[in-house]
Amino acid sequence: VVLFDSTDQPGRLLSQLRQLSRMRGARPRSLKHAVRVLGLSQEALARVLNVSARTVHRWLKGARPRQNPEVDRLQRLASLLEEVLSSPEMIRSYLNHPNPSLDSETPLQVLLRGEMDRVSADLLALAEGVYD
């Protein structure tokens, strides 16, 4: 589902669609890499992915996750974070500070509820300079 504002200029909409397509295709090297980028504990990762902590532990020890769209989304989100924010310090700061576009919650709080799309949309807005 793609939502857009009909008052947007076609060029801006095209730019946002290109950014989305890059996000969709981007994937970090591994789930471990995504966890390092996001700075999540195994328990937090389990909540984000809606699986058990034991499952996450097995995945991080090398067991391959079955095709799981949530894992793919998390890996794309980690890639987007690295693309939009230039350093691990900026990523940590972004994830842990209240964000007005996320109803003053931190992106990490939103992620822990499994709402990766809201955080991704916020990052895309940041990349496009759409912040109010």
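For the structure itself, look to the data block above.
Residues numbered from 1 in each chain as written. Predicted model: local features only at pLDDT ≥ 70, side-chain atom pairs only at ≥ 80, totals over all residues. Heavy atoms only, no water.

Caption draft 1: Broad picture of the pattern of salt bridges. Scanning all chains against the criterion turns up 7 salt bridges. The partner of Glu70 in a salt bridge is Arg73, and the shortest N-O contact between them spans 2.6 Å. Taken together, the positions of Glu70 and Arg73, both in helix α5 (residues 69-84) and 3 residues apart, correspond to about one turn of that helix. The salt bridge partner of Arg118 is Glu115, with a shortest N-O separation of 3.0 Å. Residue Arg118 is classed as partly exposed on the basis of its relative accessible area, which comes to 28%. For Glu115, a relative accessible area of 26% puts it in the partly exposed group. Each of Asp103, Glu105, Arg113, Glu115 and Arg118 takes part in a single network of salt bridges with overlapping partners. (Salt bridge = Lys/Arg side-chain N within 4 Å of Asp/Glu carboxyl O. Helix = DSSP H or I, 4+ residues; strand = E, 2+ residues; numbered from the N terminus. Buried < 20%, exposed > 50% of the residue type's maximum accessible area, 1.4 Å probe, protein only.)

Caption draft 2: Local environment of the nonpolar core. Within the largest apolar cluster, 31 residues are counted, with the highest numbers of intra-cluster contacts made by Leu38, Leu45, Leu74, Leu81, Leu111 and Leu123. Those elements giving two or more residues to this core turn out to be α2 (31-38), α3 (42-49), α4 (53-60), α5, α6 (88-96), α7 (107-112) and α8 (116-128). Per element, the largest residue contribution to this core is 6 residues, and it comes from α5. In this view, Leu38 contacts Leu74, Leu77, Leu81, Leu95 and Leu111; residues no more than four positions away in its chain are not counted. (Core = buried A, V, L, I, M, F, W, Y, C linked by side-chain atoms within 4.5 Å. Contact = heavy atoms within 4.5 Å.)

Caption draft 3: Highlighting the environment of Pro65. Locating Pro65 in the fold gives a position in the loop between α4 and α5. Of the residues examined, Pro65 reaches a relative accessible area of 28% and is grouped as partly exposed. Placed 34 residues apart in sequence, Pro65 and Leu31 show a C-alpha to C-alpha distance of 9.2 Å.

Caption draft 4: Examining the packing of α3 against α4 more closely. At a minimum axis separation of 8 Å, α3 and α4 run at an interaxial angle of 110°. Looking at the two axes, α3 sits roughly perpendicular to α4. Between α3 and α4, the residues in contact are Gln42, Leu45, Ala46 and Leu49 and Ala53, Val56, His57, Trp59 and Leu60, respectively. By residue class, the composition of the contact of α3 with α4 is 7 nonpolar, 2 polar and no charged. (Axes fitted to C-alpha atoms, helices over the stretch in contact; angles between N-to-C directions. Parallel < 35°, antiparallel > 145°, perpendicular 65-115°, else oblique. Nonpolar A, V, L, I, M, F, W, Y, C, P; charged D, E, K, R; others polar.)

Caption draft 5: Looking closely at α4. Looking at α4, one finds that the buried residues are Thr55, Val56, Trp59 and Leu60. End-on, the buried residues of α4 take up no more than an arc of 130°, which puts them together on one face. Here the buried face of α4 lies against α2, α3 and α5. Positive phi shows up at Gly62, right after α4, with a value of about 125°. (Arc of directions from axis to C-beta.)

Caption draft 6: Local environment of unusual backbone geometry. For Asn50, which is not glycine, the phi torsion reads 60° and is therefore positive. Within the element layout of this structure, Asn50 appears in the loop between α3 and α4. Notably, Asp103 is not glycine yet its phi reads approximately 55°, a positive angle. With respect to the helices, strands and loops of the structure, Asp103 is situated in the loop between α6 and α7.

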